[in-house]
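What follows is each chain in one-letter form.
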Amino acid sequence: CPPPPPSRQATEGFMEASIAPSTRLPGAPNTLSVSFSTTVAIPAGSALLLTSLQGSPSPDGDIEVSHEGGSLAPTAKWLQTGGVLELQVVVGAIWPPRKH
């Protein structure tokens, strides 16, 4: 079963944002791929919240983050009940036109 197409939704401050799961098979390990471009600087110390990620059986806790650019912390906070993943900007600032 091929992975589903990415979901695209932009929010204020973002030119483009997409998220795509590696699978939609219930109970299967899943990797989320997220891509975004900003229209404003996002300084170190800021949090990026990915919301509406309901459906995962994974309990609350820290999860590993793999990314390009080095601007994000290596772990993110997962809140299973609300379906929220909180990423932390730790170095410099995220600034256009780079894709993350």
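Our subject is the structure listed above.
Undergrad: What is the right way to look at the overall build of the chain in this model?
TA: Helix and strand content of the chain: zero helices and nine strands. Scanning the chain from its N terminus toward the C terminus, one meets helices and strands in the order β-β-β-β-β-β-β-β-β. Within the chain, the fraction of its 100 residues that count as buried is 30%. In the chain, once contacts between residues fewer than 6 apart in sequence are set aside, the share between residues at least 24 apart is 43%.

Undergrad: Help me understand unusual backbone geometry, please; the structure alone is not making it clear to me.
TA: What you tend to see is this: most non-glycine residues have negative phi, and most peptide bonds are trans. A positive phi angle, near 65°, is found at Ser52, a position not held by glycine. Assignment of secondary structure puts Ser52 in the loop between strand 5 (47-50) and strand 6 (61-64). You can call Ser52 exposed: its relative accessible area is 57%.

The rules behind each value
- Residues numbered from 1 in each chain as written.
- Predicted model: local features only at pLDDT ≥ 70, side-chain atom pairs only at ≥ 80, totals over all residues.
- Heavy atoms only, no water.
- Helix = DSSP H or I, 4+ residues; strand = E, 2+ residues; numbered from the N terminus.
- Buried < 20%, exposed > 50% of the residue type's maximum accessible area, 1.4 Å probe, protein only.
- Contact = heavy atoms within 4.5 Å.

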